[in-house]
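Residues per chain are reported as follows:
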Amino acid sequence: MIELDEMDDDLRKIHEASMAVLEQTGMRFHHPKVLEIMRQNRIRIEGQTAFFTREQVIDWVSKAPTHFKMHARNPNYDFVVGGDHVEVCPGSGSSFVCEVDGTKHAALMSDYINFLKLYHQSSYYKVNGGIVVQPTDIGRSTIALMLYATMVFSDKVIITGTGTAKEVEQLMDMLGIVFGGKTSLADKPRCLTIVNTNTPLQFDTNMLETMMVFNKYKQPVVIAAASMAGTTAPMTLAGTIALANAEVLAGIAVAQMINKGTPVIYGSQSTTSDMRTGSIAIGAPEGALAYQYAARLAKSYGLPCRGGGTLTDAKTLSVQAGYESMLTLLASYSAKTNLIFQSSGVMDSYNSMCYEKFIADLEIIGMVKRYIDGVKVDAETLAVDEITEVGIAGQFLTSNHTMKHFRKEPFLPDISLRGAVTGDPSAKLMDNIKTKKDKLLASYCQPEMSPEVQGKLVEYLIECGYDSKLIESLT
């Protein structure tokens, strides 16, 4: 339910600015079929530009579900998207893998699979896949092979890539093989993807084709704007947020025109630019603020929302990587952002994934979750009787109350150093990170998939023109 009356003054001003942009400037859609769908729904079209009245925007956006359930192959990983429920999601889009010292190598399929295993092993994640890294060694058209690897190495909720209508239909064919038929996909959301706007005020052909195919099967799409204040959006953050809001709402409205009731997620990865270099600044406080406002706007529109996670522009695993990542994740979590993407491993302004930072970010996630959980206050936790029994100048270390609560009350770090440390503390911290990473990979156990289903997937990929030896090498 859209609750414009519940908006505070700042949100209402942003909303009105977004409506003015869609009415006066419009938004360009690079796809004739999408333009025709809008024209049939009485949206004014001039060339490739669509102009929406505020009444049309609100009417169509209100048709999107306020929440929905994602269904994994393993139902233990099912979860609801919407309300105040929060899930962390993998990184996406990096072309390189970064070492601790900042050296890089082009991402390989082996890196993609390693990250799938790490995400699968982490208890914080119910989601896996997508474009965690962009492998450079398996050819140009990769999204089908990446989906295959995701389904083989994990049974969590699936994220996919984007592409042409033909490529995305192949993804749906593969999901149909695993989940009992392509036509049954509309009964349960099984996968999701990110459809990005082309800021300012455009949707490109591939993104629209991805949206149409996903909408056809009622699989959720995150419609996200990645506006950069000062380069692709106004320098002022309010203007950037208003522009991003206009783009996302237009995309959600069109998704409902394509297939009314299809699940969508309001997304933002907007931030500022560093005007000294022109580069994106994903670890900036402006990005954290943009995620906060995006979540507030989405909830006012009655929509699930997506934001960013442990984001940093740091080039090495450094103090900068720590403070920027903590700020951004805490901002998204405290706003009760439903899906927090890029929540571990991302470095260097989205350019790289780092195994060691992945492990450090798991620690950040655990700390933030503990902080958001807050303080439980009741007779048991106030412990007045315990305080009275111990009395003045006593100690609580050996008390029964301490024995009862010490495993669940405090956050127990996996890698952080506490107490006395012998030797080099920095080396000890890195050793803890390496030990944790090695333990996760060593303990990985591949989820079951019937040989018949996996065989059908392989046969399908070969029919689509993929090399059988390449497919075999993935597993």
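Going by the structure above, here's the rest.
It should be emphasised that the depicted structure is a prediction, and the values quoted were computed from it without experimental measurement.

S.K.: Help me understand unusual backbone geometry, please; the structure alone is not making it clear to me.
M.R.: Only a minority of non-glycine residues have a phi that is not negative, and only a minority of peptide bonds are not trans. Look at the link from Thr199 to Pro200: it is a cis peptide, with omega at 5°. Here Pro200 shows up in the loop between strand 11 (191-196) and strand 12 (202-203). Residues other than glycine seldom take positive phi values, yet Gln342 does so here, at roughly 55°. Considering the arrangement of structural elements, one finds Gln342 in the loop between strand 19 (339-341) and strand 20 (346-347). In this structure, Ala383 takes a positive phi of about 55° despite not being glycine. Positionally, Ala383 belongs in the loop between helix 12 (379-382) and helix 13 (384-390).

S.K.: I would appreciate a short explanation of the state of the cysteines in the present structure.
M.R.: Linking two cysteines covalently via their sulfur atoms produces the bond known as a disulfide. Within this structure, the stated rule accounts for zero disulfides. Counting only cysteine sulfurs, Cys89 is the nearest neighbor of Cys191, a cysteine outside any disulfide, at a range of 13 Å. For Cys191, a relative accessible area of 0% puts it in the buried group. Unpaired in this structure, Cys305 has its nearest cysteine sulfur neighbour in Cys89, at a distance of 11 Å.

S.K.: In this structure, what is going on with the sheet that holds strand 18 (residues 305-308)? I would like to understand it.
M.R.: Whether parallel or antiparallel, the strands of a sheet pair through hydrogen bonds between backbone atoms. Read across the open sheet, the eight strands follow the order 6-19-18-15-13-11-10-9; overall the sheet is parallel. Bordering the open sheet on either side are strand 6 (87-88) and strand 9 (127-129), each of which pairs with just one other strand. Here four bridges tie strand 11 to strand 13 (residues 221-225), and the two strands are oriented parallel to one another. Of the residues in strand 13, the one forming a bridge with Val195 is Ile223.

S.K.: Please explain helix 7 (residues 205-216) as it appears in this structure.
M.R.: Spacing of three or four residues puts side chains on the same side of an α-helix, whose turn is 3.6 residues. Across its 12 residues, helix 7 extends 16 Å between first and last C-alpha, which sits within 8% of the 16 Å expected from 1.5 Å per residue. Judged by how many residues are buried, helix 7 sits mostly within the fold: nine of 12 residues are covered. Taken as a whole, helix 7 has its buried residues at Met207, Leu208, Glu209, Thr210, Met211, Met212, Val213, Phe214 and Asn215. Among the residues of helix 7, the N-terminal cap falls to Asp204, whose side-chain oxygen and the backbone nitrogen of Asn206 are separated by 3.3 Å.

S.K.: Sorry, what's going on with the packing of aromatic side chains here?
M.R.: A ring pair, where both rings are aromatic, is described by two values, the distance of the centres and the angle of the planes. Counted according to the given criterion, the structure contains eight aromatic pairs. With 4.4 Å between their ring centres and 5° between their planes, Phe115 and Tyr355 make a pair best called stacked. Of this pair, Phe115 sits in helix 4 (residues 109-121) while Tyr355 sits in helix 11 (residues 355-373), and the two are 240 residues apart along the sequence. Ring geometry for Phe153 and Tyr444: centres 6.5 Å apart, planes at 40°, overall tilted. Remark: Tyr444 occurs in the loop between helix 15 (425-442) and helix 16 (451-463) and Phe153 occurs in helix 5 (residues 143-153); sequence separation between them is 291 residues. The structure contains a cluster of three or more aromatic residues connected by ring pairs, namely Phe115, Tyr119, Tyr125, Tyr355 and Phe358. Positioned over the ring face of Phe51 is Arg44, at 4.1 Å from the centre of the ring. Over the ring of Tyr293 we find Arg296, and its NZ or CZ is 4.8 Å from the ring centre.

S.K.: Sorry if this is basic, but what is going on with the nonpolar core here?
M.R.: The tendency in soluble globular proteins is for nonpolar side chains to be buried as a group. Counting residues in hydrophobic clusters, the biggest one holds 126 residues, and the most contacted among them are Phe29, Met38, Phe52, Phe115 and Tyr266. Of all the elements, helix 8 (residues 237-258) adds the most residues to this core, at 14 residues. The residues contacting Phe115, other than those within four sequence positions of it, are Val97, Val132, Val133, Met353, Cys354, Tyr355 and Phe358. One finds Met70, Ile159, Ile194 and Phe341 within the second-largest nonpolar core, a separate group that totals 16 residues.

S.K.: Is there a simple way to explain the environment of Tyr460 in this structure?
M.R.: Topologically, Tyr460 is positioned in helix 16. Since its relative accessible area comes to 15%, Tyr460 is described here as buried. Separated by 63 residues in the primary sequence, Tyr460 and Leu397 have C-alpha atoms spaced 62 Å apart. Among all residues touching Tyr460, those that are not within four sequence positions of it are Gln170, Asp173, Met174 and Ile177. A polar atom in the side chain of Tyr460 sits 2.5 Å from the side chain of Asp173.

S.K.: Would you mind showing me how to read helix 1 (residues 9-24) here?
M.R.: Compared with the 22 Å implied by 1.5 Å per residue over 16 residues, the 22 Å span of helix 1 between its first and last C-alpha is a close match. Those residues of helix 1 that are buried are in contact with strand 3 (49-51), helix 3 (54-61), helix 8 and helix 9 (285-300). A distance of 3.2 Å separates the backbone nitrogen of Asp10 from a side-chain oxygen at the start of helix 1, and that oxygen is part of Asp8. One or two residues past the end of helix 1 sits Gly26, with phi positive at roughly 80°.

What counts, and where the lines are drawn
Within each chain, residues carry numbers counting from 1 in the order of the written sequence. Since the coordinates come from a predicted model, pLDDT governs what is reported: local features require at least 70, and pairs of side-chain atoms require 80 or more to be given and counted, while whole-chain, interface and lining totals use all residues. Only hydrogens and water are set aside when side-chain values are computed; all heavy atoms of the structure are taken into account. Put simply, DSSP marks the helices as runs of H or I at least four residues long and the strands as runs of E at least two long, and each gets a number from the N terminus on. A pair of sulfur atoms, both from cysteines and within 2.5 Å, is called a disulfide here. Each residue is placed in one exposure class: buried if its accessible area under a 1.4 Å probe, protein chains only, is under 20% of its type's maximum, exposed if it is over 50%, and partly exposed if it falls in between. DSSP calls a pair of strands paired once it identifies at least 2 bridges connecting them. The span expected for a helix works out to 1.5 Å for each residue beyond the first. Whenever a nitrogen or oxygen atom comes within 3.5 Å of another N or O atom, the pair is scored as a polar contact, on the condition that within protein one atom can donate a hydrogen and the other can accept it, and that pairs from neighbouring residues in sequence are kept only if both atoms are in side chains. Centres within 6.5 Å are what make two rings of Phe, Tyr or Trp a pair, Trp counting through its six-membered ring; a difference in plane orientation under 30 degrees is then read as stacked, over 60 as edge-to-face, and the rest as tilted. Whether a charge lies above a ring is judged from NZ of Lys or CZ of Arg, which has to be within 6 Å of the ring centre and within 35 degrees of the ring normal. In plain words, nonpolar cores are sets of buried Ala, Val, Leu, Ile, Met, Phe, Trp, Tyr and Cys residues tied together by side-chain atoms within 4.5 Å. By the convention used here, residues are in contact when the closest approach between their heavy atoms is within 4.5 Å.

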